[in-house]
Amino acid sequence: MSTLSLTIRESFRYRGHSGQWSWLAHRISGLGILAFLSIHVWETAMANYNPAFYDWIVTVFKNPFFGVGEIFLVGAVLYHAFNGIRITILDFKPEWWQYQAKTAKFAWALFLIIFIPLGIYLFLAIGTYCTELAGEGSSCWAIPPFPG
Amino acid sequence: MTKLTGVTHRKVQVPSNKERTAFLFMRLSGVFLLFLAVSHVLVQHVVNSVHDLDIQFVIERWSSVTIRGIDLLLLFFALIHGVNGLRNILEDYVHSAKAMKVINVLLVVFLVISLIFASVAIITFNPGT
């Protein structure tokens, strides 16, 4: 456990400039995407094996709690994709390595330009969904009963 | 910004080995996933909405064989890319070769079971029921 906290602390402490933050963001976003993907793969397979369970879990995912998680997921996928392409290009074009700091900033800029409007849009969609359910007399926070 | 001058870079021909194959797979699948995963996220989360998701949506979506094929490709590329990425991260922090062997077995078991469970679900899905 002390190793774990040391690892986390040192990941943030080391002063590797922009490359350090790209590396850290790539790792964290990758782990986050894998965590969601593992759940997503099993949950979606249930559409075949147990449709009633699928409808239940999908309703749970409409909860604003997961809605916020969804915004993080979209951000993680976008950053991981853009930074991943940067890594791939530099791996195969080592002569461009002198521009790595610039490309790191470019990946962040591209990510922010695309993610910020999408994030706002997704956040507003949560509000629309909750207003709709409130109009029907139910709550977007309610967890439906687990199917029999 | 310090400009690197007189930098020498060498391209070294590495003999084929597992780590080299894994390295190349991460780059190659990464390029595929730029299109597959990013378009999947944009279509399913932004164009469509999680709020409209139910079994009826899946029936309509998986009535197309093309979409099933794309989803299968996405499943295999994304999950293998992700599990290998996790292995890469763990290798940085787990220093016991024995523990790493156990972790590798667990990761492969998880990967294979997930791939079978999900691809059977996609292939045998019957939109009629």
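This text follows the structure it describes.
Just so we're clear, the structure is a prediction, and the values are computed from it rather than from any experiment. (Residues numbered from 1 in each chain as written. Chains lettered and ligands numbered in written order. Predicted model: local features only at pLDDT ≥ 70, side-chain atom pairs only at ≥ 80, totals over all residues. Heavy atoms only, no water.)

Engineer: Looking at this model, I keep getting lost on the overall build of chain A. Mind explaining?
Structural biologist: Helix and strand content of chain A: five helices and zero strands. Counted from the first residue to the last, chain A has its helices and strands arranged as α-α-α-α-α. On the principal axes, the C-alpha backbone points of chain A span a range of 60 × 35 × 30 Å. The buried share of chain A, reckoned over its 148 residues, is 42%. Counting contacts in chain A only where the partners sit at least 6 residues apart, residues at least 24 apart contribute 68% of the total. Distance from the positive charge centre (9 side chains) to the negative charge centre (8 side chains) of chain A: 20 Å. (Helix = DSSP H or I, 4+ residues; strand = E, 2+ residues; numbered from the N terminus. Buried < 20%, exposed > 50% of the residue type's maximum accessible area, 1.4 Å probe, protein only. Contact = heavy atoms within 4.5 Å. Lys, Arg positive; Asp, Glu negative; His and termini not counted. Charge placed at Lys NZ, Arg CZ, Asp CG, Glu CD.)

Engineer: Quick question: what am I supposed to make of the overall build of chain B here?
Structural biologist: Secondary structure summary: chain B contains four helices and zero strands in total. Taken from the N to the C terminus, the helices and strands of chain B come in the order α-α-α-α. Principal-axis analysis of the C-alpha atoms places the extent of chain B at approximately 65 × 45 × 25 Å. Counting only contacts in chain B whose residues sit at least 6 apart along the sequence, the fraction spanning at least 24 positions is 74%. A total accessible area of about 8,200 Å² is found for chain B, and carbon and sulfur atoms account for 69% of it. If you average the places of the 11 positive and of the 7 negative side-chain charges in chain B, the two averages end up 19 Å apart. (Areas by Shrake-Rupley, 256 points an atom, 1.4 Å probe, with all protein chains shown as cover.)

Engineer: Even after reading the chapter, I still don't get the pattern of salt bridges, so can you show me in this structure?
Structural biologist: Under the criterion given, the structure shown has six salt bridges over all chains. The salt bridge partner of arginine 27 of chain B is aspartate 91 of chain A, with a shortest N-O separation of 2.5 Å. A residue pair is termed interchain when its members come from two chains, as with arginine 27 of chain B in helix H1 (residues 18–47) and aspartate 91 of chain A in helix H4 (residues 64–92). Take aspartate 91 of chain A: its relative accessible area is 34%, and that puts it in the partly exposed class. The salt bridge partner of lysine 93 of chain A is glutamate 95 of chain A, with a shortest N-O separation of 3.7 Å. Look at the salt bridges and you will find they share partners, linking Glu19, Arg87 and Glu91 of chain B into a network. (Salt bridge = Lys/Arg side-chain N within 4 Å of Asp/Glu carboxyl O.)

Engineer: Whenever I open this one, helix H3 (residues 51–61) of chain A confuses me. Can you help?
Structural biologist: For an α-helix, 3.6 residues make a turn, and residues three or four places apart therefore share a direction. Three or more residues of H3 of chain A are buried, namely Phe53, Tyr54, Trp56, Ile57, Val58, Val60 and Phe61 of chain A. The inward-facing, buried residues of H3 of chain A abut helix H2 (17–49) and H4 of chain A together with helix H2 (55–61) of chain B.

Engineer: I'm lost on the interface of chain B and chain A in this one. Help?
Structural biologist: Accessible area lost during the coming together of the parts is what is often quoted as the interface size. Each partner contributes residues to the interface: chain B has 45 residues there, and chain A has 47 residues. Counting each side, the surface lost to burial between chain B and chain A is near 4,000 Å², with a carbon and sulfur contribution of 73%. When residues of chain B are sorted by the area they lose upon contact with chain A, Arg27, His51 and Phe117 of chain B head the list and together hold 17% of the total. Residue aspartate 92 of chain B pairs with arginine 27 of chain A through a salt bridge whose shortest N-O separation is 2.6 Å. Put simply, chain B and chain A have 12 residue pairs in polar contact (both at pLDDT 80 or more) between them. Put simply, the parts of the chain that give the side of chain B that touches chain A at least two residues each are H1, H2, helix H3 (65–93) and helix H4 (97–124) of chain B. It is H1 of chain B that provides the largest number of residues to the side of chain B that touches chain A, a total of 12 residues. Here the side of chain B that touches chain A is composed, by residue class, of 29 nonpolar, 10 polar and six charged. (Buried area = accessible area lost by both parts, 1.4 Å probe. Polar contact = N/O pair within 3.5 Å; in protein donor to acceptor, adjacent residues only side chain to side chain. Nonpolar A, V, L, I, M, F, W, Y, C, P; charged D, E, K, R; others polar.)

Engineer: What is the right way to look at the side chain of asparagine 84 of chain B in this model?
Structural biologist: Locating asparagine 84 of chain B in the fold gives a position in helix H3. Those residues in contact with asparagine 84 of chain B, other than ones at most four positions away along the chain, are Ala22 and Met26 of chain B.

Engineer: I would appreciate a short explanation of the packing of H4 of chain A against helix H5 (residues 100–135) of chain A in the present structure.
Structural biologist: If you want to describe how two helices pack, look at the angle between their axes and the distance between the axes. Residue and element names in this part refer to chain A. In contact at an axis separation of 9 Å, H4 and H5 are set at 160 degrees when each is read in the N-to-C sense. Taken together, H4 and H5 sit at an angle that is classed as roughly antiparallel. When the axes of H4 and H5 are compared, the crossing they make is right-handed. Here the residues of the contact of H4 with H5 are counted per class, giving 20 nonpolar, six polar and two charged. (Axes fitted to C-alpha atoms, helices over the stretch in contact; angles between N-to-C directions. Parallel < 35°, antiparallel > 145°, perpendicular 65-115°, else oblique. Left-handed = near helix turned anticlockwise from the far one by under 90°.)

Engineer: Explanation requested: the state of the cysteines in the structure shown.
Structural biologist: Chemically, a disulfide is nothing more than a covalent bond linking the sulfur atoms of two cysteines. All names here are of chain A. Enumeration according to the criterion identifies one disulfide over all chains in this entry. Disulfide pairing is shown between cysteine 130 and cysteine 140; the S-S distance is 2.0 Å. Note on the cysteine 130 and cysteine 140 pair: the S-S dihedral is about 95 degrees, so by sign convention the disulfide is right-handed. In this pair, cysteine 130 sits in helix H5 while cysteine 140 sits in the segment after H5, placing the two residues 10 residues apart along the sequence. For the pair cysteine 130 and cysteine 140, a shared accessibility class is recorded, and that class is buried. (Disulfide = S-S within 2.5 Å.)

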